[in-house]
Amino acid sequence: MLLRHTPKEVKERNALTVNPAKTCQPIGAMYAALGIHACLPHSHGSQGCCAYHRSTLTRHYKEPISAATSSFTEGASVFGGQANLLQAINNIFNVYEPEVIAVHTTCLSETIGDDLPQIRKKAINEGKIPEGKYVLGASTPSYAGSHVTGFSTMVKSMVEFSEKTGEKNGRVNIIPGWVEPCDMEEIKRMAELTGVKTIMFPDTSGVLNGPMTGEYKMFPDGGTTVAELKSTGDSIGTLALGEWCSAAAARELDKKCKVPCRVLDIPIGLAATDRFVDALRTIAGVSVADELAFERGQLVDMITDMHQYFFKKKVAVAGDPDQVIAMVEFLISIDMCPVYIVTGTPGKKFEKRIRELTDDLDYEVKIKVKGDLFLLHQWIKNEPVDLLICNSYGKYIAKDEDIPLLRWGFPILDRQGHQYFPTVGYKGGLRLLEKILNLLLDRKDRDAEESNFELVL
Amino acid sequence: MTIIREKMVQWDPVDIKAKLIAKYPPKVARKRAKQILINEALENETPEITANVRTIPGIITMRGCTYAGCKGVIMGPTRDIVNLVHGPIGCSFYAWLTRRNQTYAGPDDTPDNENFMNYCFSTDMQEQDIIFGGEKKLAAAIQEVYDLIHPKAIGVFATCPVGLIGDDIHTVAAQMKEKLGDCNVFAFSCEGYKGVSQSAGHHIANNQVFRHIVGENDVPKEGKFKINLLGEYNIGGDGFEIDRIFKKCGITNISTFSGNSSYDQFASAHQADLNAVMCHRSINYVADMLETKFGIPWVKVNFIGAHATAKSLRKIAAYFEDQELINRVEEVIAEEMPDIEAAAKDVGTRTAGKTAMLFVGGSRAHHYQELFKEMGMKTISAGYEFAHRDDYEGRQVIPNLKVDADSRNIEEIEVEPDESRYSPRKTPAEIEALAGSGVDLKKYDGMISEMDENTLIIDDLNQHEAEKLVELMKPDIFCAGIKEKYSIMKLGVPMKQLHSYDSGGPYAGFRGAINFYHEIDRLVGSRVFSYLKAPWQKNPELTAAYVWE
């Protein structure tokens, strides 16, 4: 057994996390910053943080991830990292020539109390930031929240660019949350079909799912431009997808530029997508495009056609709050049973929301907020499930317990496609169902006796 | 071949070096110039390079941190020590199963089958722990690990904030060791900001393994020719292949530091009669300490490359001065070589004359040149990510190495001969005689002496220089780490990840060599890199009329 030391008996742990269902803030900040056009993320800490984040994102995307670091030494840790950051800013603008440097802190620089705004002011005063270039800063201490918090904080800091000219730009800001580049593309496509002009930020499409051309561009063509970020202050409104990843930025923009906002769920699954599309058409004052209605119909078609295979199947889900909320709603809507739900990210609102979604079900739903995969595994050992939905780390549980695994979330280190094929929207719903069905039906075929092995399923 | 020769004469290394640093601000350019060396054949001495110095802030480096070197590289591959990371969650998360070091613990129902490598343990420090201190939480976490799985040993790893807030992890470890009674608990002060790279973490891990585990088990280990293999991490099963060869030769490997290793192997390491050092950079401290305390000499070996493997086996056999072993090693080599020669001959028809660049590790950028050589390929530029001058120039420079602010912070432990167990395996006269017959103990010549004139040796290569280097010298293959992989691939140049190989392996030993030939053959000869331009990009004329059937 791969996880041979995981006992069935659950003992309460207060100090120890085993097999986490989260990681630390800075990697989220790095991912978000990659969604700004021509932006170099910068990790203000020791160089290992940056190396680890780049490695994890690289393994997830199979794409180059450029980011710089302040390379703290013991001296910098004692005397403060200001000199390192100033030197870094100067070197980065000279050597890599980005439009923006998006600095995020780490547990190291936060613990010693480095003051990013003050260091940035000094960089400006010393002429280290060239005309028309920007340094953005986000405070992302690793000892609070999770990678989700870091993402949210960096997106919120992007609001700093927004300007209110008094003249509306006729656009809707969409903050997509921590989704894949292809999901961002799909969200933009749905908006476009509905006739809504958007500014999406951050936008990693075209950045982290780039083509192979024989040319390396440190700053690919994709990403939200600074001009677009400035213009967000003149937008009609903001749709924030996901309370955890996107709401903070939307509310900040409301506060700063009086751009009204609505926080919706990430449009994963039928109902959440319906709400998103409904919001778009209401904003645009148009009917939903035939094309979208057609796609919705296809999704409902698949759900009804294959319902017998979904019905009453027990599922364990581990992931990040915004995604898990949408996924749980989707699973319930197709009569699957999400019985175990774990997120590593702290926050009481999550459990409340899941309870609301699962309140009237006739089976027990176990929820652990700030839980870990070790506990999830113990639950499974006590009462097995038919499907595990988790990032790649779930494969160790899946193999030991012989449960089909739907790889979903971050990071996915051992399969491909997540950056190319969306899971949001109606089309994304179809893809999720296809994947779930493949897993369940492959299992059915594998386990069938010769006498009841069937061609038609 | 003509094309290749053309490419060769195009290079002017002086010009390339100038272009690599042209874009830098003057201070950066000055510093980097000292770490870029054009190899020249000097009489009786090796040219000097600057290494093991700070990375420049803002320059996109390949390097990681001290914690990565300690927990990730050295301690990560040991299966039955719980690695408990004291810090915020990230450090433990990123080092979780990402290095491809394989291990074999045996089936579930065998005794001593512990394998914690698939687990990730962390104290997940929160803000209140940073403010009020994390010692209590650490002690509680150690207790919880113990209650949950009763391991025989727990290693505690410090992350950046731990050192800053002053948690005394060593005292907590000692107290818990005493409290638990049957569980060895020890700690590593491997905060990420220490030193200038992973290298400091290797040293810290070496010290603590030696201090807390080595020599703990005196139950005699059987074997006529007992060695330890130092600096081998069983990436992609490399160590399994080397162990297969040892077994075939009748050599007993007491302990590998640290691929496929267990606590007991470390604890018994003092019973070996020779230390065979693979990765000099990461483990030479243990080799030196084992010699001082127990009298076990060490010899540099390299099991990367079939000929290097044969040479290393002969070195080990010669050290033991046993004719039976010498004969057996020759038999094994004779048995293994025909397959390798056949593979090299076949692959060589496609790879000969091609060029490679290697930028990895503290030994790999040197060792893997052997494999490329066997395929008729030439290494035109190479360098280490975290090595010291001795890995480039040879151990003779060690007395001249300057101690700076960063290296001073890394503990050097004072080791003395063990009162009862010190026993020099060889007399000074025997050592001298061995040297005379070509078995130099405690000797490593480094990378530079094996590289051709006018090749470029670059320490701590960074993103900008890598891109320029590939553009200017157009190698047929580039080898570095995962972070570098896809920017090089985007340029249309095949890239082999040489830290964890990404996929594949083993590449060590005899069978590994054949695997590597095939892998490189696949990479440098594949058609998949020919699709970068679409047909309409190759023939963009718009005037031609479409020809219908």
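Residues numbered from 1 in each chain as written. Chains lettered and ligands numbered in written order. Predicted model: local features only at pLDDT ≥ 70, side-chain atom pairs only at ≥ 80, totals over all residues. Heavy atoms only, no water.

(A) View of the interface of chain B and chain A. The partner chain A presents 76 residues to the 80 residues of chain B that form the contact. Buried area between chain B and chain A, both sides added, is near 7000 Å², and the carbon and sulfur share of it is 62%. Contact with chain A buries area across many residues of chain B, yet Tyr94, Tyr119 and Lys490 of chain B alone supply 12% of it, more than any other trio. Inspection of the chain B/chain A interface yields five salt bridges. (Contact = heavy atoms within 4.5 Å. Buried area = accessible area lost by both parts, 1.4 Å probe. Salt bridge = Lys/Arg side-chain N within 4 Å of Asp/Glu carboxyl O.)

(B) How the structure looks around helix α9 (residues 169-180) of chain B. All names here are of chain B. The end-to-end C-alpha separation of α9 is 16 Å, in line with the 16 Å expected for 12 residues at 1.5 Å each. Along α9, the residues that are buried comprise Ile169, Val172, Ala173, Met176 and Leu180. Axial view of α9: buried residues confined to an arc of 100°, hence all on one face. The outward face of α9, more than 90 degrees from its buried face, is lined by the exposed residues Gln175 and Glu178. For α9, the elements touching its buried residues are β2 (81-86), α7 (135-149), β4 (153-158), α8 (160-165) and β5 (184-188). Once α9 finishes, Gly181 follows within two positions and takes phi at roughly 85°, a positive value. (Helix = DSSP H or I, 4+ residues; strand = E, 2+ residues; numbered from the N terminus. Expected span 1.5 Å × (residues − 1). Buried < 20%, exposed > 50% of the residue type's maximum accessible area, 1.4 Å probe, protein only. Arc of directions from axis to C-beta.)

(C) Geometry of the sheet that holds strand β13 (residues 477-480) of chain B. All names here are of chain B. In spatial order, the strands read β1-β12-β11-β10-β13-β14; together these six strands make up an open sheet with mixed pairing. Strand pairing shows two members of the sheet lacking a second neighbour, β1 (36-38) and β14 (495-497), which therefore form its edges. Strand-to-strand twist in this sheet, taken as the mean axis angle between neighbours without regard to direction, amounts to 20°. One ladder, built from three bridges, connects β1 with strand β12 (residues 456-458); its direction is antiparallel. For Ile38, the partnering residue across the bridge sits in β12 and is Leu456. (Pairing = 2+ DSSP bridges. Axes fitted to C-alpha atoms, helices over the stretch in contact; angles between N-to-C directions.)

(D) Region of interest: the environment of Asp476 of chain B. Residue and element names in this part refer to chain B. Tracing the chain through its elements places Asp476 in the loop between α20 (463-473) and β13. With a relative accessible area of 18%, Asp476 lands in the buried category. Taking the C-alpha atoms as reference points, Asp476 and Ile520, separated by 44 residues in sequence, lie 9.9 Å from one another. Here Thr355 takes part through its backbone nitrogen, which lies 2.8 Å from a polar atom of the side chain of Asp476. (Polar contact = N/O pair within 3.5 Å; in protein donor to acceptor, adjacent residues only side chain to side chain.)

(E) The arrangement of the side chain of Asn19 of chain A in detail. With respect to the element layout, Asn19 of chain A can be found in the loop between β1 (17-18) and α1 (25-33). Looking at Asn19 of chain A, the relative accessible area reads 3%, which means it is buried. Looking at Asn19 of chain A, its side chain comes within polar contact range of the main-chain nitrogen of Cys120 of chain B, at 2.8 Å. The residues contacting Asn19 of chain A, other than those within four sequence positions of it, are Leu3, Asp372, Leu373 and Phe374 of chain A together with Trp96, Asn118, Tyr119 and Cys120 of chain B.

(F) Quick look at α20 of chain B. Gln463, His464, Glu465, Ala466, Leu469, Val470 and Met473 of chain B are the residues of α20 of chain B that are buried. N-capping of α20 of chain B is provided by Asn462 of chain B, with a side-chain oxygen placed 3.1 Å from the backbone N of His464 of chain B.

(G) Region of interest: the domain arrangement of chain A. Residue and element names in this part refer to chain A. Once the domains are mapped, chain A shows domain 1 (25-161), domain 2 (172-289) and domain 3 (293-451). A straight line from the C-alpha centre of domain 2 to that of domain 3 covers 25 Å. Contact residues are listed per partner, giving 30 residues for domain 2 and 33 residues for domain 3. When domain 2 packs against domain 3, close to 2600 Å² is buried across both sides, 59% of that on carbon and sulfur atoms. Broken down residue by residue, the surface that domain 2 buries against domain 3 is led by Trp244, Ile268 and Leu270, which jointly contribute 30%. Our enumeration of links across domain 2 and domain 3 arrives at five salt bridges. With a closest N to O distance of 2.8 Å, Arg353 and Asp265 form a salt bridge. Counting every contact that joins domain 2 to domain 3 gives 14 residue pairs in polar contact (both at pLDDT 80 or more). For the side of domain 2 that touches domain 3, the elements supplying multiple residues, two or more each, are α8 (181-193), α10 (243-257) and α11 (270-284). A breakdown of the residues in the side of domain 2 that touches domain 3 according to their chemical character gives 18 nonpolar, four polar and eight charged. (Domains from an automatic or database assignment. Nonpolar A, V, L, I, M, F, W, Y, C, P; charged D, E, K, R; others polar.)

(H) Spotlight on the sheet that holds strand β7 (residues 198-200) of chain A. All names here are of chain A. Sheet architecture is open: four strands sit in the order β7-β6-β8-β9, paired in parallel fashion. Pairing within the sheet leaves two strands with one partner each, and these edge strands are β7 and β9 (261-264). Shown here is a sheet whose adjacent strand axes are inclined to one another by a mean of 20°, direction ignored. With four bridges joining them, strand β6 (residues 172-175) and strand β8 (residues 237-241) adopt parallel strand pairing. Following the sheet pairing, Ile175 is matched in β8 by Ala240. Each of β6, β8 and β9 touches α11; the most contacted strand, β8, lies at about 175° to it.

(I) View of the pattern of salt bridges. Residue and element names in this part refer to chain B. Scanning the entire structure with this criterion turns up 69 salt bridges over all chains. One salt bridge in this structure joins Glu291 and Lys442, with 3.6 Å as the shortest N-O distance. Of the two residues, Glu291 sits in helix α13 (residues 280-294) while Lys442 sits in the loop between α19 (428-436) and β12, which places them 151 residues apart along the sequence. For Lys442, a relative accessible area of 40% translates into the label partly exposed. For Lys378, the salt bridge identified is with Asp452, shortest N-O distance 2.9 Å. A residue pair is termed long-range when its members are at least 10 positions apart, and Lys378 in strand β11 (residues 378-383) and Asp452 in the loop between α19 and β12 qualify at 74 residues. Bridged by salt links that share partners, the residues Glu241, Arg244, Lys248, Glu335 and Glu336 form one connected network.

(J) Broad picture of the packing of α10 of chain A against helix α14 (residues 321-333) of chain A. Residue and element names in this part refer to chain A. Running from amino to carboxyl end, α10 crosses α14 at an angle of 120°, the nearest separation of the two axes being 8 Å. In terms of their interaxial angle, α10 and α14 are classed as oblique. The segment α10 lies against α14, with Glu243, Trp244 and Cys245 engaging Pro321, Asp322 and Ile325. Residue composition of the contact of α10 with α14, by class: four nonpolar, no polar and two charged. (Parallel < 35°, antiparallel > 145°, perpendicular 65-115°, else oblique.)

(K) Broad picture of the environment of Gly127 of chain A. All names here are of chain A. Along the chain, Gly127 turns up in the loop between α6 (116-125) and β5 (134-138). The class of Gly127 is exposed, set by a relative accessible area of 55%. Placed 37 residues apart in sequence, Gly127 and Asn90 show a C-alpha to C-alpha distance of 9.0 Å.

(L) Expanded view of the pairing of strand β6 (residues 225-232) of chain B. All names here are of chain B. The buried fraction of β6 is high, at eight of eight residues. One ladder, built from seven bridges, connects β6 with strand β7 (residues 251-258); its direction is parallel. Among the inter-strand pairings, Leu230 is bridged to a residue of β7, identified as Phe257. This β-α-β element, β6 to helix α11 (residues 238-249) to β7, shows right-handed connectivity. Of the strand pairs in this sheet, β6 and strand β8 (residues 274-277) are connected by four bridges, and their pairing is parallel. Note on β8: the bridge partner recorded for Ile227 is Leu274. (Right-handed = clockwise from strand over helix to strand, strands pointing away.)

(M) Highlighting unusual backbone geometry. The amide bond that connects Phe201 of chain A to the next residue, Pro202 of chain A, takes the cis arrangement and shows omega of -10°. Relative to the assigned elements, Pro202 of chain A resides in the loop between β7 and α9 (226-231). Here the bond from Gly505 of chain B into Pro506 of chain B is cis, since omega is -5°, no more than 30 degrees from zero. Tracing the backbone shows Pro506 of chain B in the loop between β14 and α22 (509-525). For Lys442 of chain B, which is not glycine, the phi dihedral falls at a positive 50°. One non-glycine residue, Lys474 of chain B, lies in the positive phi region at around 40°.

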